[in-house]
Each structure stands twice: as C-alpha cells, then as structure tokens.
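Structure at a glance
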Amino acid sequence: MIEQLREACRKVLVEGKVDVVIGYGEETPGGAVYPVFVRKADDVSKLVWNERCVSNLTTYLTRKEIKSLGRPAVIVKGCDAKTLVVLEQESQIDRTQMYSIGVACSGLGEVKCASCDCHMPKRVDEVVGTVAEAESDASRYAELEALMAKTPAERWAYWQEEFSRCIKCYACRAVCPLCYCNRCLADKNRPSCIDSSTTPVGNMAWQIMRAFHLAGRCVGCGECTRACPAGINLDLLNKSLALSAEENFHYRAGTDPETPPVIGSFNTGDKEEFIG
C-alpha cells in the first residue's frame with residue numbers, strides 16, 4: 001500500500017493541486033516515525049506507512065509555519081479524518097484549498113483501535129487501500145464506564161492522583177489538533193487565570209479548563225494521552241464530555257459535517273433535565 005500512497009502524493013504535487021504533503025517519515029529502518037513535509041514529487045520516497053504511524057497529522061494544518069508553505073495535502077487515518085470535519089466547521093481550514101488523502105487502517109495496536117469504527121476514512125478527497133469495516137464489540141466508553149462505576153470519592157481520588165503528576169509541559173496542548181488558539185488562556189498573566197506552577201490547584205484548573213474547551217469538539221484521537229510524559233490518562237477525561245454530548249444531544253464530533261456543532265447551536269428538542 002505504501003507505493004499507492006506515494007503515487008497518490010506524487011500525483012497531487014505534479015498536478016499542482018498542492019504545494020506540500022504532510023505525511024509520515026522514518027529516520028532509519030525500524031526507527032521512530034516522525035512528520036515529514038514533502039514539497040517535491042521526487043521526495044515522496046520519504047513517506048512511509050506502518051504500525052508506528054499513529055500521530056494525527058491534522059494538527060499541522062493550523063500552524064502558521066505550515067500555512068506559509070502553501071496549499072497542503074494531509075495523510076489521515078479514519079480517526080484523524082474526523083478532525084477535518086471539526087476544523088472546517090470552526091472555519092480553521094478551507095477544504096477547497098487543501099487535499100486530504102485517507103489511508104485504510106485496520107488498527108495500529110493503540111488502545112483506541114480496539115473500539116474503532118472508522119477503519120475507512122470518510123469525507124476525504126481520496127482513499128488509498130481498503131479494509132473491512134467490521135463492527136467492533138468493544139465499547140468506546142468501556143474504560144469510562146468502569147471509572148463511573150466507582151464512588152464519587154474514588155473518582156475524585158483517581159483524578160487527584162492523575163493530575164498530581166502533571167508538570168505543565170503543555171505537550172497535550174501542543175499535539176492537539178483542536179488547540180489552535182494563538183494565545184492560550186493558560187499563558188495569560190495580566191491577569192493570571194491559571195496558576196502556572198505545578199500546584200494541585202493549578203494542575204486541576206488547567207486540565208479541567210482544557211477538557212471543557214474540547215467539550216463537543218474532541219474526536220478522540222488520543223494524542224494528548226500519548227504525548228503526555230507523565231502518562232496521565234487525559235483521553236479518559238475528554239471521553240466523559242464526549243459521552244455527555246452523545247447522551248444529551250445525540251452529537252458525536254467529526255462524524256457529520258451537516259450537523260451543527262453542539263456548542264454554539266440550539267435545538268428546542270434538547271433535554272432540559274439539568275434545569276432544576
């Protein structure tokens with residue numbers, strides 16, 4: 001499939017549809033995979049596709065350094081393609097000024113892959129390869145359901161322990177394709193909104209603030225958890241809000257570009273049980 005992928009990338013460069021292809025590259029055989037930005041058709045041989053192509057490359061689409069390279073093409077898996085829907089809904093990308101190349105993926109061994117239901121990328125300009133779109137027996141929220149089965153005190157203790165390891169490196173923010181603000185609230189110091197030091201209160205405030213900013217937007221790519229050097233299960237926190245959006249508003253981020261985002265839209269049929 002790699003040759004098909006390289007040919008697809010070569011073609012869009014030769015035809016002038018794009019100026020740069022954002023893909024996966026490999027430094028040495030068997031080594032770590034990293035993002036590459038291919039601008040010449042002769043360089044598509046740098047592109048790879050293997051079980052280590054886990055990262056969500058759509059995060060580069062909103063970077064000013066990448067925008068300066070011209071019209072981009074981006075390689076996406078099914079789970080990554082959902083991010084394109086959200087970014088377009090939020091007017092962060094113009095789909096007419098870019099190209100998306102989906103890669104069929106049956107799973108890369110990540111935790112999220114066990115419950116994946118989007119092996120074939122949807123709403124992309126081109127798909128390379130094919131895999132069976134089998135229904136998964138695993139629940140996307142199995143881990144969250146196990147946590148919610150605990151008492152409130154146990155859940156509070158769990159998150160206190162998790163957040164106590166945060167070192168405020170902001171790797172979660174840097175890797176997230178939906179954290180694209182030019183200036184983050186956490187960086188503002190006049191006035192200071194969030195304690196920048198690694199205090200229990202500051203850590204809790206940062207993680208909860210970020211989770212709420214992703215409410216109804218997070219597509220569950222899991223990059224925040226994968227990038228966290230402290231091993232904090234940040235994806236689990238995001239899933240709690242994603243589940244709430246599904247249960248209360250029948251909304252799943254990135255799955256339907258025609259459905260208005262749950263944040264910023266109003267429906268007279270929405271539940272009102274939360275109103276006392």
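Figured I'd write up the structure that's included with this text. All values reported here derive from a predicted model rather than from experimental measurement. (Residues numbered from 1 in each chain as written. Predicted model: local features only at pLDDT ≥ 70, side-chain atom pairs only at ≥ 80, totals over all residues. Heavy atoms only, no water.)

A few words on the sheet that holds strand 5 (residues 126-128). The strand order across the open sheet built from 5 strands is 2-1-3-4-5, with neighbouring strands paired in mixed fashion. If you trace the sheet from one side to the other, it starts and ends with strand 2 (33-38) and strand 5, each paired once. Averaged over all adjacent pairs, the angle separating strand axes in this sheet is 30 degrees, with direction ignored. Sheet analysis places strand 1 (residues 20-26) next to strand 2, joined by 6 bridges and oriented antiparallel. (Pairing = 2+ DSSP bridges. Helix = DSSP H or I, 4+ residues; strand = E, 2+ residues; numbered from the N terminus. Axes fitted to C-alpha atoms, helices over the stretch in contact; angles between N-to-C directions.)

Quick look at unusual backbone geometry now. With a phi angle near 55 degrees, Arg 123 is a residue other than glycine that sits in the positive phi range. Following the sequence through the fold, Arg 123 ends up in the loop between strand 4 (99-103) and strand 5. With phi around 65 degrees, Tyr 170 is a residue other than glycine that occupies positive phi space. The class for Tyr 170 is buried, based on a relative accessible area of 14%. (Buried < 20%, exposed > 50% of the residue type's maximum accessible area, 1.4 Å probe, protein only.)

With that settled, consider helix 5 (residues 152-163). With 12 residues, helix 5 extends 16 Å from end C-alpha to end C-alpha; this agrees with the ideal 16 Å at 1.5 Å per step. Turning to helix 5, its buried residues are Trp 159, Glu 162 and Phe 163. Down the axis of helix 5, the sector holding all buried residues measures 90 degrees, keeping them to one side. Considering only its buried residues, helix 5 is in contact with helix 4 (142-148), helix 7 (200-213) and helix 9 (234-249). (Expected span 1.5 Å × (residues − 1). Arc of directions from axis to C-beta. Contact = heavy atoms within 4.5 Å.)

What follows covers the layout of surface pockets. When its volume is computed, the largest pocket comes out at roughly 590 Å³. For the lining of the largest pocket, the secondary-structure elements that each account for two or more residues are helix 2 (64-67), helix 6 (171-175) and helix 7. Grouping the constituent residues of the lining of the largest pocket by class yields 11 nonpolar, 5 polar and 9 charged. Of the volumes computed, that of the second largest pocket is approximately 330 Å³. If you trace the second largest pocket, you find 15 residues lining it, with Trp 159, Ile 208, Leu 237, Ser 240 and Leu 241 closest to the centre. For the lining of the second largest pocket, the secondary-structure elements that each account for two or more residues are helix 4, helix 5, helix 7 and helix 9. (1 Å grid on protein atoms, 1.4 Å probe; cavity = no way out; pocket = protein on both sides within 12 Å on 5 of 7 lines; lining within 4 Å. Points joined across faces, edges and corners; volume = space filled by probe spheres on them. Nonpolar A, V, L, I, M, F, W, Y, C, P; charged D, E, K, R; others polar.)

The subject of this paragraph is the packing of helix 5 against helix 9. With their axes 11 Å apart at the nearest point, helix 5 and helix 9 run at an angle of 135 degrees to one another. As the angle between them shows, helix 5 and helix 9 are arranged oblique. On the side of helix 5, the interface is formed by Tyr 158, Trp 159 and Phe 163, while helix 9 contributes Leu 234, Leu 236 and Leu 237. When grouped by side-chain class, the residues that make up the contact of helix 5 with helix 9 number 6 nonpolar, no polar and no charged. (Parallel < 35°, antiparallel > 145°, perpendicular 65-115°, else oblique.)

Here the focus is the pattern of salt bridges. In a structure, side chains of opposite charge can pair up when their charged atoms sit close to one another. For the structure on display, the rule yields 16 salt bridges. Between Asp 80 and Lys 77 there is a salt bridge whose closest N-O contact spans 2.8 Å. The pair Asp 80 / Lys 77 is uniform in exposure class, with both members buried. One connected set of salt bridges, linked through shared partners, spans Asp 117, Arg 140, Glu 246 and Arg 252. (Salt bridge = Lys/Arg side-chain N within 4 Å of Asp/Glu carboxyl O.)

Turning our eyes to something else, we now look at the packing of aromatic side chains. Within the structure shown, the criterion is met by 5 aromatic pairs. Measuring from centroid to centroid gives 5.0 Å for Tyr 158 and Trp 159, while their planes differ by 75 degrees, and the two rings are edge-to-face. Relative to Trp 206, the ring of Tyr 170 lies with its centre 4.8 Å away and its plane at 85 degrees, an arrangement referred to as edge-to-face. With Tyr 170 in the loop between helix 5 and helix 6 and Trp 206 in helix 7, the pair connects residues that are 36 residues apart, well separated along the chain. Within the aromatic cluster, the residues linked to one another by ring pairs are Tyr 158, Trp 159 and Phe 163. (Phe/Tyr/Trp six-rings, centres within 6.5 Å; stacked < 30°, edge-to-face > 60°.)

Our focus in this paragraph is empty space enclosed by the protein. In this structure the tally under the stated criterion is 3 cavities of 30 Å³ or more. Taken as a whole, the largest cavity encloses approximately 460 Å³ of empty space. Lining the largest cavity are 33 residues, with Lys 82, Arg 140, Val 219, Gly 220 and Arg 252 sitting closest to its centre. Those elements that provide at least two residues to the lining of the largest cavity are helix 3 (78-89) and helix 9. Residue contributions to the lining of the largest cavity peak at 7 residues, all from helix 9. Tallied by class, the residues present in the lining of the largest cavity amount to 16 nonpolar, 7 polar and 10 charged. In this model, the second largest cavity occupies a volume close to 100 Å³.

Grouped together as the largest cluster of nonpolar side chains are 49 residues, with contacts concentrated most on Val 21 and Ile 75. Only helix 1 (2-14), strand 1, strand 2, strand 3 (72-76), helix 3 and strand 4 provide two or more residues apiece to this core. If you tally residues by element for this core, the top one is helix 1, at 5 residues. For Ile 75, the contacting residues outside a window of four places in its chain are Leu 5, Cys 9, Val 21, Ile 22, Gly 23, Tyr 24, Leu 47, Leu 57, Ile 101 and Val 103. Residues Ile 194, Met 204, Trp 206 and Ile 232 belong to the second largest nonpolar core, which totals 24 residues. (Core = buried A, V, L, I, M, F, W, Y, C linked by side-chain atoms within 4.5 Å.)

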